[in-house]
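Structural characterization, general
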Amino acid sequence: MTRGGSSEIGEQPETVKRPRSAYIFFVQSRKGQEGGSSHSSAIGEAWKSMAADEKKKFQDQADEDKARYQRELASFKKAHGGSSPQKRSRKEKKVRKPRPAKKDGPKRAMSGFMHFCSEKRPEVRKEHPKMAIVEISKVLGKLWGKLDTDEKKPFNELAEKDRQRYQREKEEWEQGGPSNKKKKDDEEEEEEEEEEEEEEEGEPDDAED
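Attention now moves to the nonpolar core. By size, the foremost hydrophobic cluster in this structure holds eleven residues: Ala22, Tyr23, Ile24, Phe25, Phe26, Val27, Ile43, Trp47, Met50, Phe58 and Ala62. Breaking this core down by element, the ones donating at least two residues are helix 1 (22-30), helix 2 (40-48) and helix 3 (52-79). Top contributing element to this core by residue count: helix 1, with six residues. Phe113, Val124, Trp144 and Phe155 belong to the second largest nonpolar core, which has eight residues in total.

Have a look at this one:
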């Protein structure tokens, strides 16, 4: 399925969703457990230390996604006279237009890691008042990585309650009409695309192993 498309003559449609690597599938499987892309350094280390047989299921998913991409790319070219989809350079991806403030829809649910950060960030700031935000995030990521399952449990329970709250509010909001649902789907699709780009930026050198 192509994204965007165009009805204007002479204007090239946008793109076919590119295939994801085995590493990206691994990262997405860890979201909600290790803080998603906010904890990418720890996830990268986990990927590097993973055995080949453990990586296989993610590689199988990547192979399926690559086959999907090749099918959709062939269909795209056939429908558009052999033209390839537009591609954005990394520079173009980074320089995005400011997104308007979201006034509609429920607040998205936070992961256990994000609840942990909300609680511990003030403590880290107090201990390191001159530390940059990026460095504070790294400290929080290391602190989270040192917690065992029982220590993470209260934060993951908060995340589960927040997820249920989000699902409930989303269903109520979507009942307001199909335009609300479409608006929410568009937002989630855009966020997914941006997250994949950020994950690829931090992808380890051996991510294709």
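That shown, we press on.
Looking now at the environment of Phe76. As for its position among the elements, Phe76 is in helix 3. Judged by relative accessible area, which is 2%, Phe76 ranks as buried. Expressed as a C-alpha distance, the spacing of Phe76 and Val16, which sit 60 residues apart in the sequence, is 7.6 Å.

Take helix 5 (residues 112-127) next. Taking 1.5 Å per residue, 16 residues should reach 22 Å; helix 5 reaches 23 Å between its end C-alpha atoms and fits that length. Listed as buried for helix 5 are Gly112, Phe113, His115, Phe116, Cys117 and Val124. If you follow the buried residues of helix 5, they end up packed against helix 6 (133-146) and helix 7 (149-174).

Reading the values: the criteria
Throughout, residues of each chain are indexed from 1 in the direction in which the sequence is written. Reporting of local features is limited, given that this is a predicted model, to residues whose pLDDT is at least 70; pairs of side-chain atoms are given and counted only at 80 or more, and all residues count toward the totals for whole chains, interfaces and linings. As a convention, hydrogens and water are excluded, and side-chain values are obtained from all of the structure's heavy atoms. In this text, buried Ala, Val, Leu, Ile, Met, Phe, Trp, Tyr and Cys residues form a nonpolar core when linked through side-chain atoms within 4.5 Å. Only protein chains enter the calculation, and the probe is 1.4 Å; a residue is then buried if its accessible area is under 20% of its type maximum, exposed if over 50%, and partly exposed in between. Where helices and strands are cited, they refer to DSSP runs of H or I of at least four residues and of E of at least two residues respectively, numbered from the N terminus. Here the expected length of a helix is defined as 1.5 Å per residue gap, with one fewer gap than residues. The contact criterion used is simple: two residues touch if any of their non-hydrogen atoms lie within 4.5 Å.

Honestly, that's just the spatial picture; any functional story needs more than this.
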